[in-house]
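Summary of structural features
Each chain is listed here by its residues.
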Amino acid sequence: MSLPRSDIFISGGGIAGLVAAAAFGHAGFSVVLADPTPAPDTPADTSADTGADLRSTAFLHPARALLDEIGLWQALAPLATPLDALRIVDTTGWPPEIAETRIFSAQELDQQSFGWNLPNWQTRAELLRFIRAQPGITFLPGVGFAGMLARTNAAIVSLSDGSRLGARLVIGADGRASPVREAAGIGVSTTRYGQKALAFTATHPLAHENISTEIYNRGGAFTTVPLPDQNGVPASAIVWMNPGPRAQALAALPEDQFDAEMTGRACALLGPMQRTGAVAVWPVITQRATRLTAERTALVAEAAHVLPPIGAQGLNTSLHDVAALYDLARAEPEALGAPAQLARYARLRERDIAMRARAIDLFNRICQSGEPAVQALRRAGLTSVHDIGPLRQSIMRAGLGSR
Ligand SMILES: Cc1cc2nc3c(=O)[nH]c(=O)nc-3n(C[C@H](O)[C@H](O)[C@H](O)COP(=O)(O)OP(=O)(O)OC[C@H]3O[C@@H](n4cnc5c(N)ncnc54)[C@H](O)[C@@H]3O)c2cc1C
C-alpha cells in the first residue's frame, strides 16, 4: 500500500510552525502540519483561560518582512500595536527606586517603530484562518507527531492517530521538548537560572505612548509591551522575571495584593496597575540543540533554541530559521530536504543563534544579579551604550537583526 506523501511535514502548530506552514504553502510546496492541541477557531478573549498562551510577541522588522512577503501581514496588522521606542530603567533597593532611565527611539534608525506587538492567542487564530484558506496545506489539529524513520529520499512519519505519511522534509517546530528532535537523536545543552517569568496583561491609567519599558532590579527584568486599549483603558502585556519561588508566590497572591506588588515593581511608571486575567508561569532557560539537522530533518524555533524573554529575541530568532529554510527551498525546490541543503541551513543559522544565545544569557545574568558591583556595572553599561551615539545605534541594529 502506498503512503500519502507531501513535500513537507511540520510537527508543531505554535506560531513558528504556523508561519512555516504558511510560507512553504505560499511557495507552492505541499505541507502537512500536525499539533496535538485542538485549534482555537475564533480569536476569543482567552485572558481568563489559564491554559491559553497568554504571552504576546513583539515582531521586529525582519519578521514583518517575511510575513509581508507571504501575504500574512495584512491579516495581522489590525491586531498589532507599534513599538516606537524602548525605555530602559535601572533601579536600586527594595521597593525599587529609579536610578537611571534611557530611551532608545526607532526614529533614530529612520524607522517609525522597532516592531509590532501582537497577543499570541489572536495571532495564532489569524494564522489558522490564513492556513485553512491555502489549498496546499493540510492542518491536522488534535494529532501529534509520534515517530519517524528517515530514509535517503524521504522520511516516513507516524502520527498519534495511527496514520503514516511520507515527506521529503520534516520540520521540528514542536517546542522546547521537541519530539522530532528526540526522534532524530539530537541532544540539547540547557542553562537554568532558577528564574520563572510571569506573563499576563494589565491595564493602567497612564498611556504607554507605544513605548516598551524594561525595568531592571535583582531577580530579572520587568517588561511592559504596549497593547491596544482594553475597554478604553491603556493596556500592556507584562513579562515579569523572578527567582522561581518568588514567582510562584506572586502568582498565588490575591488580585489586589498582586496588583500592589506589580505597581511597586513597575515604580508606578504607568500609574496603579491592574491585572486583567490569568497569569502564566514560564521557566526561564537558555537551551540549544546540539545540531540543527538530521537526515531529512530540520529543527526551527524553540525546538532548536530557547532564550530568556528579553529584547523580543525568541520568536524573532525563530522566524529567521523559518526564513532561511524557506529561501533555500525556494532557490532549489528539487533539493528540498537533501543533505547539502540541510547543511547550508545549519551553516546559515548556527552562528546567529549562538551569538544571540550568548548575548541574552550574559544580559540576563547581569540583570538578575543583586550584587552591588554587578548592578553598578549594569548601570554603567546602560549609560555608555545609550550615551555613545554610534554604539547605541549599532546595538539597536543588532537587536533588530536583519534578514
Ligand atoms: C513569557 C515569554 C514572553 C515572550 N515574548 C517574546 C517576544 O516578545 N518576542 C519574541 O520574539 N519572542 C518572545 N518569546 C519567545 C517566543 O514566545 C517563542 O520563541 C515562540 O513562541 C516559540 O514558539 P515555538 O513555536 O517554537 O514553540 P511553542 O509555542 O511551544 O509551540 C510548539 C508547538 O508544538 C506542539 N507540539 C508538542 N508536541 C507535539 C507533537 N508530538 N506533535 C506535534 N506538535 C507538538 C505544541 O502543542 C505547540 O503548539 C517569549 C517567551 C516567553 C516565555
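Up top is the structure.
Looking at the overall build of the protein chain
Scanning the protein chain from terminus to terminus reveals 11 helices and 20 strands. A globule of 403 residues ought to have a C-alpha radius of gyration of about 22 Å, and the protein chain, at 21 Å, matches this closely. Its C-alpha atoms give the protein chain principal-axis dimensions of about 70 × 40 × 40 Å. For the protein chain, the residues scored as buried account for 44% of the 403 residues in total. Expressed as a percentage of contacts within the protein chain between residues at least 6 apart in sequence, the contacts between residues at least 24 apart total 73%.

Re the site of the ligand
Surveying the vicinity of the ligand reveals 33 residues, the closest of which are Gly12, Gly14, Ala301, Gly314 and Leu315. For the shell around the ligand, the secondary structure elements donating two or more residues are α1 (15-26), β2 (31-35), β3 (56-60), β12 (188-203) and α8 (314-331). It is α8 that contributes the most residues to the shell around the ligand, four residues altogether. Across the shell around the ligand, the residue classes tally to 16 nonpolar, 13 polar and four charged.

Looking at unusual backbone geometry
Along the chain, Trp94 connects to Pro95 via a cis peptide bond; the corresponding omega equals -5 degrees. The backbone phi angle of Glu209 is positive, close to 55 degrees, even though this residue is not glycine. Position of Glu209 relative to the elements: it lies in the loop between β12 and β13 (211-217). Here Cys267, not a glycine, exhibits a phi torsion of approximately 55 degrees, which is positive.

Looking at the nonpolar core
Core analysis: the largest hydrophobic core is formed by 105 residues, its most contacted members being Ala16, Val19, Ala20, Ala21, Val300 and Val322. In terms of residue count, the dominant contributor to this core is α1 (nine residues). Discounting residues that sit within four places of it in the chain, Ala16 has contacts with Ala173, Val300, Ala301, Leu315, Ser318, Leu319 and Val322.

Comments concerning the sheet that holds strand β4 (residues 81-83)
If you trace the three strands from one edge of the open sheet to the other, you get β3-β7-β4, paired in antiparallel fashion. Each edge of the sheet is formed by a strand with only one pairing partner; in this case those strands are β3 and β4. The average angle at which neighbouring strand axes cross in this sheet is 30 degrees, direction not considered. Both β4 and strand β7 (residues 115-119) contribute to a ladder of three bridges, which runs antiparallel.

With respect to helix α4 (residues 120-132)
In this model, α4 (13 residues) spans 18 Å end to end at C-alpha, consistent with the 18 Å of a helix rising 1.5 Å per residue. Those residues of α4 that fall on the buried side of the exposure criterion are Gln122, Thr123, Arg124, Leu127, Leu128, Phe130 and Ile131.

Details of the environment of Val281
Topologically, Val281 is positioned in strand β17 (residues 280-289). With near-sequence residues (within four places) excluded, Val281 lies in contact with Lys196, Leu198, Ala247, Gln248 and Ala251.

Observations concerning α8
End to end, α8 covers 26 Å across 18 residues, agreeing with the expected 26 Å (1.5 Å per residue, within 8%). Of all 18 residues that make up α8, 14 are buried, and the element is covered over most of its length.

Comments concerning the packing of helix α2 (residues 61-69) against α8
It is at 9 Å that the axes of α2 and α8 come closest, and there the two elements cross at 40 degrees. As judged from the angle between their axes, α2 and α8 are oblique. In this structure, α2 crosses over α8, and the sense of that crossing is left-handed. Residue-level contacts link Pro62, Ala63 and Leu66 of α2 to Asn316, Leu319, His320, Val322 and Ala323 of α8. Across the contact of α2 with α8, the residue classes break down as six nonpolar, two polar and no charged.

Definitions and limits used
Residues numbered from 1 in each chain as written. Predicted model: local features only at pLDDT ≥ 70, side-chain atom pairs only at ≥ 80, totals over all residues. Helix = DSSP H or I, 4+ residues; strand = E, 2+ residues; numbered from the N terminus. Rg over C-alpha atoms; globule rule 2.2 N^0.38 Å. Buried ≥ 20, exposed ≤ 12 C-beta atoms within 10 Å, placed from the backbone. Contact = placed C-beta atoms within 7 Å. Near = placed C-beta within 6 Å. Nonpolar A, V, L, I, M, F, W, Y, C, P; charged D, E, K, R; others polar. Core = buried A, V, L, I, M, F, W, Y, C linked by C-beta atoms within 7 Å. Pairing = 2+ DSSP bridges. Axes fitted to C-alpha atoms, helices over the stretch in contact; angles between N-to-C directions. Expected span 1.5 Å × (residues − 1). Parallel < 35°, antiparallel > 145°, perpendicular 65-115°, else oblique. Left-handed = near helix turned anticlockwise from the far one by under 90°.

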